[in-house]
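Understanding the architecture of this molecule
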Amino acid sequence: MIYVDGNVVNLTRGDDAVLTVPLKNTDKTEYVLGEQEYLIFGLKKYPTDESELLLEISSEPGSNVIRFRHNDTKDLKVDMYSAEIQMMTRDGQRITVWPKLTGRERISKENRKNFYLMSEVVLA
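My aim in this report is to walk through the structure given alongside it, one point at a time. (Residues numbered from 1 in each chain as written. Predicted model: local features only at pLDDT ≥ 70, side-chain atom pairs only at ≥ 80, totals over all residues. Heavy atoms only, no water.)

Considering the nonpolar core
Applicable threshold: Here, nonpolar core means buried Ala, Val, Leu, Ile, Met, Phe, Trp, Tyr and Cys residues that are tied together by side-chain atoms lying within 4.5 Å of each other. Type-normalised accessible area, obtained with a 1.4 Å probe on protein chains alone, sets the label of each residue: buried when under 20%, exposed when over 50%, and partly exposed for intermediate values. Numbering goes from the N terminus for both helices and strands, where a helix is a DSSP run of H or I of at least four residues and a strand is a run of E of at least two.
Grouped together as the largest cluster of nonpolar side chains are 24 residues, with contacts concentrated most on Leu39, Phe41, Leu43, Ile66, Phe68, Ile85 and Phe115. Those elements that provide at least two residues to this core are strand E2 (8–12), strand E3 (17–20), strand E4 (38–44), strand E5 (53–58), strand E6 (65–68), strand E7 (79–88), strand E8 (94–98) and strand E9 (115–118). If one sorts the elements of this core by residue count, E7 sits on top with 4 residues.

Remarks on unusual backbone geometry
The residue after Trp98, namely Pro99, is reached through a cis peptide bond having omega 0 degrees. One can find Pro99 in the loop between E8 and E9.

Structural notes on the environment of Leu76
Condition: Residues are treated as being in contact if the distance between any of their heavy atoms lies within 4.5 Å.
Within the secondary structure, Leu76 sits in the loop between helix H1 (70–73) and E7. Measuring from C-alpha to C-alpha, the distance between Leu76 and Leu117 comes to 8.2 Å, with 41 residues separating the pair along the chain. Setting aside residues no more than four positions away along its own chain, Leu76 makes contact with Arg13, Leu43, Leu54, Tyr81 and Leu117.

Concerning the pattern of salt bridges
The test is simple: Whenever Lys or Arg places a side-chain nitrogen within 4 Å of a carboxyl oxygen from Asp or Glu, that contact is recorded as a salt bridge.
The final tally for this structure, using the stated rule, is 5 salt bridges. Here Lys45 makes a salt bridge to Asp79, at a shortest N to O gap of 2.6 Å. Here Lys45, found in the loop between E4 and E5, pairs with Asp79, found in strand E7; they are 34 residues apart in sequence, far enough to count as distant. On the accessibility criterion, Lys45 (22% relative accessible area) is partly exposed. Members of the salt-bridge network, linked through shared partners, are Lys45, Lys77 and Asp79.

And the structure:
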């Protein structure tokens, strides 16, 4: 199971799931990815260079859908994590599109707790 509650993504460990990422232009209109553009989901315990990258998943080119597979999370600890999603543009720019951080949040090294990996009842 996957669901978004406010600014927190909740995923049951080991589940196959789909996260559709809404993208907006600065004028609040929908942004549609070009054929060469894609998203990268990254997961760490803390948003620091020293913190190990635990998970990285790329969308298909032109798609704003992140697909979690069973093997992506089945061995991770049930916990709160720091996650972000970046967009790779057709001209090679990397732009963070989620989470939207303001003020001191942008430089904080505290766990963002914006991705909760929930316990499963049955894991086969």
